[in-house]
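Take a look at the letters that make up each chain.
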Amino acid sequence: MRSILKALENGKILISDGAWGTYLHKLGLEVGECPEIWNLTHRAEVLSIAQSYIDAGSDMILTNTFGAHPVRLEHYGLQDKAYELNKAGAEISREAAGDNHFVLGSIGPSGAILMMGEISEEKVYDGFRIQVEAMAKGGADAICVETMSETAEAVLAIKAAKEFTNLEVACTFTYQKTVHGYYRTMMGVSPEEMVIAVKETGADIIGANCGIGFEQMIEILEAIRKVDKKTPVLIHANAGLPIIIDNKTVFPETPEMMSARVKKLIDTGVNIVGGCCGTTPDHIRAFVKEIRGTEVK
Ligand SMILES: [Zn+2]
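Keep in mind that this is a model prediction, so the values were computed, not measured.

A. Region of the structure containing the overall build of the protein. Summing up its helical and strand segments, the protein has 13 helices and twelve strands in all. For 297 residues, the compact-globule estimate of 2.2 N^0.38 gives 19 Å, and the C-alpha radius of gyration of the protein, at 17 Å, lies within 12% of that figure. Taking the principal axes of its C-alpha atoms as reference, the protein extends roughly 45 × 45 × 40 Å. Counting every position in the protein, which comprises 297 residues, the buried fraction comes to 57%. Looking at the protein as shown, the accessible area adds up to about 12800 Å², and 51% of this sits on carbon and sulfur atoms. Here the protein contributes 29 positive and 40 negative side-chain charges, whose respective centroids are spaced 6 Å apart.

Here is the structure:
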């Protein structure tokens, strides 16, 4: 079995992939269309995204399954296809990754908030179980629980992955800077609280993704490293803070702007570096050049 933890053992920095959502829209996914159905209806396009990150030099890629929790798929009437969509997503990324790269099965929030009593824990947990079992079957090496803002939900996803698969588990939360200058998720969770909760549940890799760029991620990483020196940390940053130009969301940071902050991230204690919204294979190429000193065509 491929082990990300083993690959990190000698202090090696691993490079992850970039955005999927914004990339799918570039390839024609319509606003309001279910991204994960493309694993069946537009397999070649999804494979081309996975392949483009492998070609750019990523050590690992995620899967087009971020929104494939059955509760979230209900919005499209696709809840009965959850297993199939998750399995296909893992299979597509496995095909691109081959034997020498890692596949992390992406799991995003269910879309319902536990704290508000919108949904039962059992229903959320059962959905995560379907996702992790399908992605293990489809060939994922690890599960990446991401864009989390509520501890209770993240804990259920990690538990499901640990209970129903033997895969390694990464878990990353999404933060915003408050007016007081510190970082909280939408549900008010601090980086320090995240570390304690997800490690207790058994996550092998912790970190942050989406919402903000590397500049802010460095501050979150400092907060994480204050309470945890050892657990590997994964950072998937956006290409800067999004701005609106002509009614369109634009991510302002170029590959050069982002890669200029990679050294500082490494010095602060990151182990896996990748991108979230707005990042492209060109961003990954720039990270590879910065970290490995090699150019990838
Ligand atoms: Zn994102």
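B. Examining the packing of helix H8 (residues 151-164) against helix H9 (residues 191-201) more closely. One can describe the packing of H8 onto H9 by two numbers: an axis separation of 9 Å at closest approach and a directional angle of 25 degrees. By the angle between their directions, the pair H8 and H9 is classed as roughly parallel. The handedness of the crossing between H8 and H9 is right-handed. On H9, the residues that touch Thr151, Val155, Ile158, Lys159 and Lys162 of H8 are Ala197, Val198 and Thr201. Of the residues belonging to the contact of H8 with H9, the class tally is four nonpolar, two polar and two charged.

What counts and what doesn't
- Residues numbered from 1 in each chain as written.
- Predicted model: local features only at pLDDT ≥ 70, side-chain atom pairs only at ≥ 80, totals over all residues.
- Heavy atoms only, no water.
- Helix = DSSP H or I, 4+ residues; strand = E, 2+ residues; numbered from the N terminus.
- Rg over C-alpha atoms; globule rule 2.2 N^0.38 Å.
- Buried < 20%, exposed > 50% of the residue type's maximum accessible area, 1.4 Å probe, protein only.
- Areas by Shrake-Rupley, 256 points an atom, 1.4 Å probe, with all protein chains shown as cover.
- Lys, Arg positive; Asp, Glu negative; His and termini not counted.
- Charge placed at Lys NZ, Arg CZ, Asp CG, Glu CD.
- Axes fitted to C-alpha atoms, helices over the stretch in contact; angles between N-to-C directions.
- Parallel < 35°, antiparallel > 145°, perpendicular 65-115°, else oblique.
- Left-handed = near helix turned anticlockwise from the far one by under 90°.
- Contact = heavy atoms within 4.5 Å.
- Nonpolar A, V, L, I, M, F, W, Y, C, P; charged D, E, K, R; others polar.

In short, shape yes, function no, at least from these values alone.
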